[in-house]
Amino acid sequence: MKIALLTKYGDLAASTRQRFEQYRPFLEEIGFELVPLPLLDNSYLQQLYETGHKPRGRIAACYVGRLRWLLSKPDVDLIWLHCELFPYLPGLVEKLSIWPGKPIVFDFDDAIFHNYDLHPRRQLRAFLGRKLYTTIGAAEMAFCGNNYLAEYARPLCTGTKIVPTVVDTEIFYPSPREQPEDCPLRVGWIGTPSTWNDYLRKKLPMLKEVAASVSGQIAVMGAHKNAEAHPLLDLVQWSEAGEVPFLQALDIGIMPLTDTPWARGKCGYKLIQYMACGLPVVASPVGVNRDIVEHGVNGFLAESDDDWRTAIETLLRDPDLRRRMGVAGRLKVEQNFSLHTWGPRVASMLKDTVRRNASA
């Protein structure tokens with residue numbers, strides 16, 4: 001049995017690794033062969049991160065390549081589609097998802113529909129505001145990263161399921177070693193250049209003040225190239241191999257957000273990474289963050305800058321509290337956001353979808 005992974009990006013993108021590739025062992029164990037077919041490959045994404053440039057000619061060629069694959073009547077048993085077939089093309093084109101005549105599982109972990117229904121240009125809202133209705137409506141199942149996304153999908157797809165973004169708790173785990181006493185306490189953030197600009201950069205003045213008050217440090221992995229050097233700011237380039245060691249060397253993990261429709265669709269993956277590594281967290285009370293963070297148990301929810309300052313200072317000054325919250329967070333991830341729990345579930349749902357289609 002073959003599953004075509006129609007992801008938006010190659011496996012350099014976190015969403016591709018987290019929501020597709022990490023399920024590979026569970027799917028291969030029950031007889032599936034995974035066929036990766038990203039719309040835009042890793043070299044495109046690398047160029048985008050480094051330059052911010054989106055080469056239109058290259059994107060057009062990628063669209064043509066996906067179109068040819070769809071029209072070729074491919075030899076697969078299931079299409080596992082990430083987000084949409086062709087970004088910014090109309091719903092009529094999205095109907096090509098049914099051309100191969102295979103069952104479709106639609107998967108999304110961001111409120112991508114707001115790219116269209118809340119677009120600042122009225123003409124684009126009118127033309128594309130409902131484009132995902134076509135794709136989701138054609139799917140036998142929709143995997144939604146949180147309830148905000150599921151509420152959008154449910155009226156369109158009766159097979160809507162909430163499948164959170166999860167981690168392998170055998171890879172993401174607390175550091176087995178205590179930090180040296182002379183090591184500065186580290187408040188950390190991990191993300192992408194776009195989320196750095198959207199959410200973290202505006203918090204830096206406050207974070208630097210807090211770090212200075214306790215001789216601490218702000219550690220960042222994945223900042224935008226516009227990030228300015230500062231004595232209290234440790235900027236680390238993202239790499240898959242460096243991700244876990246970076247997290248294990250932190251004392252607190254943070255996830256600031258602004259309360260927007262787009263942010264409400266986020267799946268809290270940063271928080272799950274931090275907590276899997278035994279870190280207490282501080283997060284904005286937006287969207288799924290409210291469900292992941294149990295205020296006062298595994299971290300703090302902070303709205304105003306004063307809330308953020310108080311929460312971080314409290315944690316930095318109390319090692320026992322950091323330890324207790326870290327233990328509570330790790331337990332929550334093991335119970336609710338572990339790949340070893342969700343891997344068999346996802347594999348079973350995909351296999352059942354293929355069986356239903358074969359017997360229809």
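Quick caveat: nothing in here was measured; it's all calculated off a predicted structure.

About the thresholds
- Residues numbered from 1 in each chain as written.
- Predicted model: local features only at pLDDT ≥ 70, side-chain atom pairs only at ≥ 80, totals over all residues.
- Heavy atoms only, no water.
- Helix = DSSP H or I, 4+ residues; strand = E, 2+ residues; numbered from the N terminus.
- Rg over C-alpha atoms; globule rule 2.2 N^0.38 Å.
- Buried < 20%, exposed > 50% of the residue type's maximum accessible area, 1.4 Å probe, protein only.
- Contact = heavy atoms within 4.5 Å.
- Areas by Shrake-Rupley, 256 points an atom, 1.4 Å probe, with all protein chains shown as cover.
- Lys, Arg positive; Asp, Glu negative; His and termini not counted.
- Charge placed at Lys NZ, Arg CZ, Asp CG, Glu CD.
- Pairing = 2+ DSSP bridges.
- Axes fitted to C-alpha atoms, helices over the stretch in contact; angles between N-to-C directions.
- Expected span 1.5 Å × (residues − 1).
- Arc of directions from axis to C-beta.

Novice: Where do I start with the overall build of the chain in this structure?
Specialist: A tally of regular secondary structure across the chain gives 18 helices and twelve strands. Taken against the 2.2 N^0.38 rule, which gives 21 Å for 360 residues, the C-alpha radius of gyration of the chain at 21 Å falls within 12% of a compact globule. With the principal axes as the frame, the chain shows a C-alpha extent of 65 × 45 × 35 Å. When each of the 360 residues of the chain is scored for burial, the buried share is 52%. Looking at the chain alone, contacts between residues at least 24 apart form 71% of all its contacts between residues at least 6 apart. Just so you have it, the chain exposes about 16300 Å², and 52% of that area is on carbon and sulfur atoms. With 42 positive and 41 negative side-chain charges, the chain shows a spacing of 8 Å between the two charge centroids.

Novice: Help me understand the sheet that holds strand E8 (residues 217-221) in this model?
Specialist: Within a sheet, neighbouring strands are paired by backbone hydrogen bonds and run either parallel or antiparallel to one another. Strand order in this open sheet of six strands is E9-E8-E7-E10-E11-E12, and the pairing throughout is parallel. Looking along the sheet, the strands with just one partner apiece sit at the ends: strand E9 (233-236) and strand E12 (299-301). Here the average twist between neighbouring strands, direction ignored, is 20°. For strand E7 (residues 186-190) and strand E10 (residues 252-255), the ladder comprises two bridges, and the chain directions are parallel. By the bridge assignment for E10, Gly-188 is matched with Gly-253.

Novice: Sorry if this is basic, but what is going on with helix H16 (residues 305-316) here?
Specialist: Note: α-helices contain 3.6 residues per turn, so residues at a spacing of three or four share the same orientation. With twelve residues, H16 should reach 16 Å at 1.5 Å per residue; the first-to-last C-alpha distance of 16 Å fits that figure. By the burial criterion, the buried members of H16 are Trp-308, Ala-311, Ile-312, Leu-315 and Leu-316. Around the axis of H16, the buried residues are gathered within 125° of arc, so they sit on the same side. Those residues of H16 that are buried are in contact with E7, helix H11 (204-213), E10, strand E11 (281-283), E12 and helix H17 (319-336).

Novice: Explain the sheet that holds strand E1 (residues 2-6) here, please?
Specialist: Spatially, E2-E1-E3-E4-E5-E6 is the arrangement adopted by the six strands of the open sheet, whose pairing is parallel. Pairing within the sheet leaves two strands with one partner each, and these edge strands are strand E2 (33-36) and strand E6 (160-162). For this sheet the average axis-to-axis angle between neighbouring strands, irrespective of direction, equals 20°. Here E1 runs beside E2; their pairing, made up of four bridges, is parallel. Within E2, the position partnered with Lys-2 by the bridge is Glu-33. Docked against the sheet, helix H18 (residues 339-359) engages E1, strand E3 (78-82), strand E4 (104-108), strand E5 (141-144) and E6, running at close to 165° with respect to E5.

Novice: How should the side chain of His-114 be read in this particular structure?
Specialist: Counting through the fold element by element, His-114 comes out in helix H6 (residues 114-117). Excluding its chain neighbours within four sequence positions, the residues that come into contact with His-114 are His-119, Tyr-148, Pro-261 and Trp-262.

Novice: What should I look at first to understand the side chain of Thr-165 in this one?
Specialist: By the element assignment, Thr-165 lies in the loop between E6 and E7. Overall, the relative accessible area of 2% leaves Thr-165 in the buried class. Setting aside residues no more than four positions away along its own chain, Thr-165 makes contact with Gln-18, Arg-19, Asp-109, Cys-267, Tyr-269, Ile-272 and Phe-337.

Novice: Explain unusual backbone geometry here, please?
Specialist: Glycine aside, a negative phi is what most residues show, and trans is what most peptide bonds show. Of note in this structure, Lys-73 is not a glycine but carries a positive phi near 55°. Of note, Ser-215 is a non-glycine position whose phi angle comes to about 55°, a positive value.

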